[in-house]
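# Fold and geometry: a report
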Amino acid sequence: MADNYVVEMLNITKVFPGIVANDNITLQLKRGEIHALLGENGAGKSTLMSVLFGLYQPEQGEIRIDGKRVEIRDPNDANTLHIGMVHQHFKLVECFTVLDNIILGVEPNKLGFLQKKEARKKVVALSEKYGLLVDPDALVEDITVGMQQRTEILKMLYRDNEILIFDEPTAVLTPQEIHELMQIMKSLAAEGKSILFITHKLNEIMEVCDRCSVLRKGKYIGTVDIAGTSKEELSRMMVGRDVKFAVDKAPAQPKETVLKVSGLTVPSKLHHNNAVKDVSFEVRRGEIVCIAGIDGNGQTEFVYALSGLEKASAGKIELCGRDISRSTIRQRAEAGMSHIPEDRHKHGLVLDFPLEDNLVLQRYMDPRFQKGGFIQREPIRAYAEDLIGRFDIRSGQGPVTPVRSMSGGNQQKAIIAREIDLNADLLIAVQPTRGLDVGAIEYIHSQIVGQRDLGKAVLLVSLELDEVMNLSDRILVMYEGEIVGELDPKTTTVEELGLYMAGAKRNKGKEASAS
Amino acid sequence: MKKDTARTLWNDGTKTVVASLLSILMGVIFGGVLLFVVALCLKMPLSSAWEGFRIVLGGVFNTGRNYDAGSALTFGINARLIGDMLFRATPLIMTGLSVALAYKTGLFNIGAPGQYLMGTAMSIIVALAIDTSVVPAFLVWILAFLAAIAAGALWGCIPGLFKAYLNVNEVITSIMTNWIAANLVTLLFDGSRFINNVDFGKTGYTLKTATNGVATAKLGLDFGGGNANAGFLIAIVFAAAAYIVINKTTFGYELRACGSNKNAARYAGMNEKRNIVLSMAIAGGLSAAGAALYFLQGDVEFYWHTSMALPATGFNGIPVALLASCSPIGCIFSGMFMAYLTISGSQLSTFTAYNEYIANIIIAVIVYLSAFTLFFKGLMSAKKKTITVKSEDAKSKAGEEMKRK
């Protein structure tokens, strides 16, 4: 049996000061299997993979490849052992062609001159063998995210990697692309490649994986055969308690309009056209309206224009009856807008500031927190302690923890605590659960529904289909900067939503009105 | 938990100080080696290099040579040199503060020399132009000081405005405003004969402000005949004020937020453009105030042919700030240290065959190494981690690890 394992990580323990990131973890990967690695944020998945990649040296335990004990000191060692990884954020050179990206670092050459012909042959052969459709001569910046991912996979295959690690590969894909990826993974496994699949998404595990290892808070919980388990059991293993998948919420009872957007047009920074084209809709008190769509269809620019981070070129935004189209960011906030930003590191937090300073990022000038321009430390600390308690924000040193050192989930909780506590009429939540585990997602969803039930208007912008379907009361689909459809989550299906998101269908906008 | 925090912060502070001291130590060692190399090359006795090294270390505590005892170097309290050190440190502390404050807002104020020059020109012109028989001298002093600050603030504003509204890098515009200031100042004094000192056929020098009765109060700091005066105390007050503004006020909070994450500051509704301009204006004002404190001492002549060279005191604000890790309070000490080395240099050329440039090279090496302060800090953290796995310092690393998950 033992000779069947390609990778064995036995009793790995990795300690960081104050935290045992991996506590006696064992992971065994069989040849030709798809093995899921499941765990909450901070459970130790990344640490374990970093150990396998040679980025960290474990304090205890050993790694065996094909039954032989190995020392992996750096990523180069990992490469020589044929371990490859597709990162969540692709490592591609945008202005290079697909082929150039694939051979990058292992360029075939004669006397220093590139020999691309053979490389091309090999790439084409590989892509045909595994059904990885790519155009070798297309520039990476011009191709879809799905094709970029296939390029990444080809990069691993080109290097003859046998052990493939996929780090949350589906986060950026459409349902159709996810389906294709699943097929590709299956065919890779059928060819004898061994796959480690890191994900939060239980549906995907159930679909493709053979076995699943679960980590929780740095500890190894167990490995189960997927055939003999269920989603519920997996999530229980991961979180340590029962998790509700469906969001608990009563039907929406929309009241008066809070946000009214009419004819909003936003120019694109990258291209000469408009990123957002003539968008109009309303959000009312007591409802969650979701803007769904594939990443890069104008959602980001739309939210920037709404929050005042960018200027719109045309259109009107009314908040509680006030025209805020020309208002500054602070005026908008004062008019009743709170905003959970898409990028928590870029906009949401000042990472070098302590937690308490981040929690008052918009309110430091409140009379509560300053007197005559002098910051009042005591009330800020008390306020921070209060939010930390109410929203269960976990950190090493409480209010004075540098935010940079907190886990992603808790950073997000801090933002959500701050924005919800602004008690604004409109809550804009952009990708509020990106990269978070089911436990945290459940919590954040319940908070958002809670806001709705308190009579706030919620505008959700999400790329996650589950989130769109579960959380929203109305769905607006954005495609190439336009609202192409309005759907009712109760009567629509994920497949139909996918068609709208891909631009194959529309029931609103120019074409629909023309027909 | 609170105790824990205090320890981490203390450790971090200690590490910064130790890293700076390490830079200084390595700079001094390098200077010593250099002295010996120079001695070997010029076939001078090695003992002279040793003497030079002792002077570099001894600095303001050098009391000359005892010619009755074989010309041995003597050391002790040298009140005059200590006073001179405080006097020379005064403008350095101010330009250091200028660079440090801008840096907190994410701006690199390489424009300190230009701002310093504008401050110099304005303080001298006002101090000499207003007749002290009409207006009391102390009032003229204050007016000159304020005029200098205004001129510097204006000069600092320009790169700030370009940065904020046109997104032009402040380094480029600052370098340009530096040279504009240099030429402008020459132009100003070239055309105004009444403030030029033409005694003994001198050209290019202004009159001392004391000729109009304007001079900074000594407050008893002129011990040993040194040049120190109340200006040093004013610099300390400014440093303390800068510390308070940066760390204790909402304005400082905004400045730090802008410097640390411009996007988040904008997202939170702060006016980051205004903050950039203000930060540069304040930085300019601080540099110019440093110039005023130096020249209003009363007994200094300003050589105004600046069109060819910018004042080193302005540029030295950068190393002063770096050595202090941009802490306003730290600037007081790093400014004094730089002045100490300058004095070492002049002692070196007075008492040995070596010239003051050796001291300048030591300063340069220290400056160079002070940029490695972070590197040294990292090194110290790594060392501790191997000793005790559960050390406090590497916590940040674990934090980053957590973040990635």
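As the structure is a prediction and not an experimental result, all values here were calculated from the model. (Residues numbered from 1 in each chain as written. Chains lettered and ligands numbered in written order. Predicted model: local features only at pLDDT ≥ 70, side-chain atom pairs only at ≥ 80, totals over all residues. Heavy atoms only, no water.)

### Some thoughts on the overall build of chain B
Counting secondary structure elements, chain B contains 15 helices and two strands. By residue count, 52% of the 405 residues in chain B fall in the buried class. Within chain B, contacts between residues separated by at least 24 positions form 72% of all contacts whose residues are at least 6 apart in sequence. Here chain B displays about 17800 Å² of accessible surface, and carbon together with sulfur accounts for 68% of that area. (Helix = DSSP H or I, 4+ residues; strand = E, 2+ residues; numbered from the N terminus. Buried < 20%, exposed > 50% of the residue type's maximum accessible area, 1.4 Å probe, protein only. Contact = heavy atoms within 4.5 Å. Areas by Shrake-Rupley, 256 points an atom, 1.4 Å probe, with all protein chains shown as cover.)

### Here's the deal with the side chain of Asn101(A)
All names here are of chain A. Structurally, the position occupied by Asn101 is in helix 3 (residues 98-103). Within the structure, the side chain of Asn101 is placed 2.8 Å from the backbone nitrogen of Val93, a separation counted as a polar contact. Every residue in contact with Asn101, bar those within four places of it in the chain, is listed here: Leu92, Val93, Phe96, Val140, Thr151 and Lys155. (Polar contact = N/O pair within 3.5 Å; in protein donor to acceptor, adjacent residues only side chain to side chain.)

### Considering the nonpolar core
By size, the foremost hydrophobic cluster in this structure holds 67 residues, and its most contacted members are Leu97(B) and Leu296(B). Domain assignment of the residues forming this core places at least three in each of domain 1 (2-77 + 373-404) and domain 2 (79-326) of chain B. Here Leu296(B) is in contact with Ser123(B), Ala127(B), Trp141(B), Ala144(B), Phe145(B), Thr209(B), Val214(B), Ala215(B) and Thr216(B), once residues within four sequence places are set aside. If you look at the next biggest cluster of nonpolar residues, it comprises 62 residues, including Leu309(A), Ile329(A), Leu359(A) and Tyr267(B). (Core = buried A, V, L, I, M, F, W, Y, C linked by side-chain atoms within 4.5 Å. Domains from an automatic or database assignment.)

### Some remarks on the domain arrangement of chain A
All names here are of chain A. Along its sequence, chain A is organised into domain 1 (2-239) and domain 2 (257-345 + 427-514). The distance between the C-alpha centroids of domain 1 and domain 2 comes to 33 Å. Domain 1 puts 11 residues into the contact, and the matching count from domain 2 is 12 residues. Counting the surface lost from both domain 1 and domain 2, the interface buries some 1000 Å², and carbon and sulfur atoms represent 58% of this. Taken together, the links from domain 1 to domain 2 amount to zero salt bridges. (Buried area = accessible area lost by both parts, 1.4 Å probe. Salt bridge = Lys/Arg side-chain N within 4 Å of Asp/Glu carboxyl O.)

### A short note on the domain arrangement of chain B
Residues and elements named next belong to chain B. The domains assigned to chain B are domain 1 (2-77 + 373-404) and domain 2 (79-326). At the junction of the two partners, domain 1 supplies nine residues and domain 2 supplies six residues. Carbon and sulfur atoms supply 70% of the area buried between domain 1 and domain 2, which totals about 590 Å² over both sides. Among the residues of domain 1 in contact with domain 2, Ser20, Val60 and Ile77 are the three that bury the most area, contributing 60% of the side total. At the boundary of domain 1 with domain 2, the tally comes to zero salt bridges. Remark: the boundary between domain 1 and domain 2 carries one residue pair in polar contact (both at pLDDT 80 or more). Ranked by residue count, the leading element in the side of domain 1 that touches domain 2 is helix 1 (residues 2-41), at three residues. Among the residues forming the side of domain 1 that touches domain 2, the class breakdown is four nonpolar, five polar and no charged. (Nonpolar A, V, L, I, M, F, W, Y, C, P; charged D, E, K, R; others polar.)

### Some thoughts on the sheet that holds strand 16 (residues 314-319) of chain A
Residue and element names in this part refer to chain A. Sheet architecture is open: four strands sit in the order 14-13-16-17, paired in antiparallel fashion. At either end of the open sheet lies a strand with only one pairing partner, and these are strand 14 (274-284) and strand 17 (322-323). Pairing analysis gives two bridges linking strand 16 to strand 17, with the strands arranged antiparallel. Paired with Glu318 across the bridge in strand 17 is Asp323. Of the strands in this sheet, strand 13 (257-267), strand 14 and strand 16 are in contact with helix 9 (residues 299-307), which crosses strand 13 at around 120 degrees. (Pairing = 2+ DSSP bridges. Axes fitted to C-alpha atoms, helices over the stretch in contact; angles between N-to-C directions.)

### Side note on the packing of aromatic side chains
One pass over the full model with this rule turns up 14 aromatic pairs over all chains. Considering the side-chain rings of Phe281(A) and Phe302(A), the 5.6 Å spacing of their centres and the 50 degrees angle between planes classify their relative orientation as tilted. On the criterion of sequence distance, the pair formed by Phe281(A) in strand 14 and Phe302(A) in helix 9 is long-range, its members being 21 residues apart. Classification of Phe281(A) as buried rests on a relative accessible area of 7%. Residue class for Phe302(A) comes out buried when judged on its relative accessible area of 0%. Here the aromatic rings of Phe87(B) and Tyr294(B) are separated by 4.8 Å at their centres, their planes lie at 15 degrees, and the arrangement is stacked. Of this pair, Phe87(B) sits in helix 3 (residues 79-104) while Tyr294(B) sits in helix 10 (residues 272-295), placing them 207 residues apart in sequence. Through a chain of ring-to-ring contacts, three or more aromatic side chains come together here, namely Phe87(B), Phe189(B), Tyr294(B), Phe295(B) and Phe302(B). One Lys or Arg, Lys413(A), reaches over the ring of Tyr443(A) and ends 5.2 Å from the middle of that ring. (Phe/Tyr/Trp six-rings, centres within 6.5 Å; stacked < 30°, edge-to-face > 60°. Lys NZ or Arg CZ within 6 Å of the ring centre and 35° of its normal.)

### Details of the state of the cysteines
Scanning the entire structure with this criterion turns up zero disulfides over all chains. Of all cysteine sulfurs, the one in Cys212(A) lies closest to Cys209(A), which takes part in no disulfide; the gap is 6.7 Å. Its relative accessible area of 7% is what places Cys209(A) among the buried residues. As a non-bridged cysteine, Cys331(B) has Cys326(B) as the owner of its nearest cysteine sulfur, 7.1 Å distant. (Disulfide = S-S within 2.5 Å.)

### Let's talk about the pairing of strand 16 of chain A
All names here are of chain A. Bridge count for strand 13 against strand 16 is five bridges, and the pairing is antiparallel. Each bridged residue has a counterpart across the sheet, and for Ser262 the counterpart in strand 16 is Lys316. Between the antiparallel neighbours strand 16 and strand 17 lie two residues, among them Cys320 with a positive phi of about 50 degrees.

### Section: helix 4 (residues 116-130) of chain A
Residue and element names in this part refer to chain A. Over its 15 residues, helix 4 extends 21 Å from the first C-alpha to the last, a length consistent with the 21 Å expected when each residue adds 1.5 Å. Buried residues of helix 4: Ala119, Val123, Leu126, Ser127 and Tyr130, and no others. Taken down its axis, helix 4 places every buried residue within 95 degrees of arc, on the same side. Away from its buried face, by an angle of more than 90 degrees, helix 4 presents the exposed residues Lys117, Glu118, Lys121, Glu128 and Lys129. (Expected span 1.5 Å × (residues − 1). Arc of directions from axis to C-beta.)

### Topic: the pairing of strand 10 (residues 194-198) of chain A
Residue and element names in this part refer to chain A. Counting buried residues in strand 10 gives five out of five residues, a clear majority hidden from the surface. Side-chain alternation along strand 10 places Ser194, Leu196 and Ile198 on one buried face and Ile195 and Phe197 on a second face that is also buried. Across four bridges, strand 3 (residues 34-39) lies against strand 10 in parallel orientation. In the sheet register, Ala36 faces strand 10, and the bridge partner there is Phe197. In this structure, strand 9 (residues 163-167) lies alongside strand 10, joined through five bridges in parallel fashion.

### Section: the pattern of salt bridges
All names here are of chain A. If you walk through the whole model with that rule in mind, you get 38 salt bridges over all chains. The residue Lys155 makes a salt bridge to Glu152 at a minimum N-O spacing of 3.6 Å. Here Lys155 and its partner Glu152 are both found in helix 5 (residues 145-158), three residues apart, which amounts to about one turn of the helix. Like Glu152, Lys155 is buried. Through salt bridges with shared partners, a single network forms among Lys249, Arg452, Asp453 and Asp473.

### Brief notes about the packing of helix 13 (residues 377-391) of chain A against helix 14 (residues 408-421) of chain A
Residues and elements named next belong to chain A. Running from N to C, helix 13 and helix 14 point in directions that differ by 110 degrees, and their axes come no closer than 10 Å. Considered as vectors, helix 13 and helix 14 are oriented roughly perpendicular to each other. Residues Tyr383, Leu387, Arg390 and Phe391 of helix 13 form the contact with helix 14, whose participating residues are Lys413, Ala417, Arg418, Ile420 and Asp421. Grouping the amino acids of the contact of helix 13 with helix 14 by side-chain chemistry returns five nonpolar, no polar and four charged. (Parallel < 35°, antiparallel > 145°, perpendicular 65-115°, else oblique.)

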